[in-house]
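# Commentary on secondary and tertiary structure
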Amino acid sequence: MARWKTIARGASVVAVGALALAACSSSSDPEPSGSATGSMDSSDSPAASGDGLLIGSLLPITGSLAYLGPPEIAGVDLAIQEINEAGGVMGQDVRVEHTDSSDADNPTIASTSVDKLLGDGAAAIVGAASSTVSLNVVDTIAKASTVMISPANTSTALSGYSPFYFRVAPPDTVQGNVLGNLIVSDGHTKIGVLVFNEDYGTSLRDVIKETVEPQGAELVYGNPGDEFDPKASNFSSDVQAVLAADPDSIVIIAFDQTKQIIPELVGAGWTDMSAVYMTDGNTADYSADFDPGVLEGAQGTIPGAFPDDSFKERLNSVAPSPLDSFAYGPESYDATILVALAAEKGQGTDGTTVQENLAAVTGATGGDECSTYADCLALLQDGQEINYKTVAGSGPLNDQNDPSSAFIGIYKYLNDNTIEWQSAQEGEA
């Protein structure tokens, strides 16, 4: 069960999460500092030179989740900047090496990136964004005694997967529960789910199903066996199948396939967008994709507390161009800060030291609260236990290496097909 607390309602800030995947994948896009295509030479790495802690990132620069890359990479870079401004780890600057995770359709990209990061001596890797990508590489990373800490993985299959795997995003038990309760509270009892056959999608679907059924609602479509192929190029038959089940609401759990599914729904006669729900994989900005009003009233969920203006300004200060989405930027920042604090607490820049101290610096064993790296560092240097208060609002790590609590943001689509934050609920698994 989960316990929920609504912390705010009534949005005043528009959040636009761009889903311009082609643009994000373009070779003309600015590369992040130290990317896989422009990374520092291994002879310059801390592993070779003894220059201290090296943190790698395994985040989507290309592929269907490339829209998440800019805020996530900015989160890592901002954390590195603030860590080093405060004195680094053990008196030495922390260095970062960015690599591309791509997506589940391009598994060799992530594998090649992981091999490079491990060869260069990274003590911890921030990533991946995709749960499937993480599942493909987590064993290799753990075998090397390197920490993997994801800012965005939500699949329940990763809970407690390895002593070297952690995440600051909540598992689907939290997001799925919030979304299921939202659908039921809106008065819906016959729910159709268009879900792709991918671990992220089926995991979320299962939690939604487990949440709504005890409350008298049912999944009239989208049960196990109803999933669609994520590589499909046409979703007409899937849309016809869900509509044939006569749902009073539709949940779409997909990535960029959403751009094709929405027009199919509209063309097939579905007009009530207030009864359409999405998740973090596709709750994004469609202002360049659909005519005004197409998605007005639809709702979606994204894990994490909504970042305040000050934090957004700080993220933009390190981004190559202004960010139009901040999704998982706070979580990427928190993950990087936590790795550095764990290394400082254990007085070691190797993966095992980070792994042994990571839960403790989240407050899992108590400690004094601190909300910046500088403040937390001062406490550690004074011999104190700490409880780092994350920007994303996630709680101390539990025995599954998941956040013990987290916030889920609820968003609503405006007439221009951008999203506006409505409220956030805190859940405890």
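The coordinates are above.
The following paragraphs examine the structure supplied in this document. The model shown is predicted, which means the values in this text are computed figures rather than measured ones.

Attention shifts here to the sheet that holds strand 5 (residues 124–127). The strand order 4-3-5-6-7 describes an open sheet built from five strands, whose pairing is parallel. A strand with exactly one partner marks an edge of an open sheet, and here the two such strands are strand 4 (95–100) and strand 7 (165–167). If you compare each strand with its neighbour and ignore which way they point, the axes differ by 25 degrees on average. Packing of helix 11 (residues 329–346) onto the sheet brings it into contact with strand 3 (54–59), strand 5 and strand 6 (147–150), and relative to strand 5 it is tilted by some 170 degrees. On top of the sheet, helix 12 (residues 351–361) reaches strand 6 and strand 7; it is set at about 50 degrees to strand 6, its chief contact.

Take the nonpolar core next. Judged by nonpolar contacts, the single largest core of 60 residues is most densely connected at I191, L194, V251, I252, I253, I261 and L295. With six residues, helix 6 (residues 172–185) is the largest single contributor of residues to this core. Sequence-distant contacts of L295, that is, excluding residues within four places in its chain, are made with I262, M273, M278, Y286, F290, Y413 and N417.

Once that is clear, we can look at the side chain of T279. Inspection of the secondary structure assignment puts T279 in the loop between strand 11 (276–278) and strand 12 (299–303). T279 sits in the buried class, given a relative accessible area of 0%. With near-sequence residues (within four places) excluded, T279 lies in contact with Q175, L179, Y200, L204, I252, I253 and T301.

The next subject is unusual backbone geometry. For the bond from G127 to A128, the omega torsion is -5 degrees, close enough to zero to count as cis. One can find A128 in the loop between strand 5 and helix 5 (131–143). Phi angles above zero are rare outside glycine, and Y328 is one such case at about 65 degrees. Structurally, Y328 is set in the loop between helix 10 (309–318) and helix 11.

Conventions and cut-offs
Residues numbered from 1 in each chain as written. Predicted model: local features only at pLDDT ≥ 70, side-chain atom pairs only at ≥ 80, totals over all residues. Heavy atoms only, no water. Pairing = 2+ DSSP bridges. Helix = DSSP H or I, 4+ residues; strand = E, 2+ residues; numbered from the N terminus. Axes fitted to C-alpha atoms, helices over the stretch in contact; angles between N-to-C directions. Contact = heavy atoms within 4.5 Å. Core = buried A, V, L, I, M, F, W, Y, C linked by side-chain atoms within 4.5 Å. Buried < 20%, exposed > 50% of the residue type's maximum accessible area, 1.4 Å probe, protein only.

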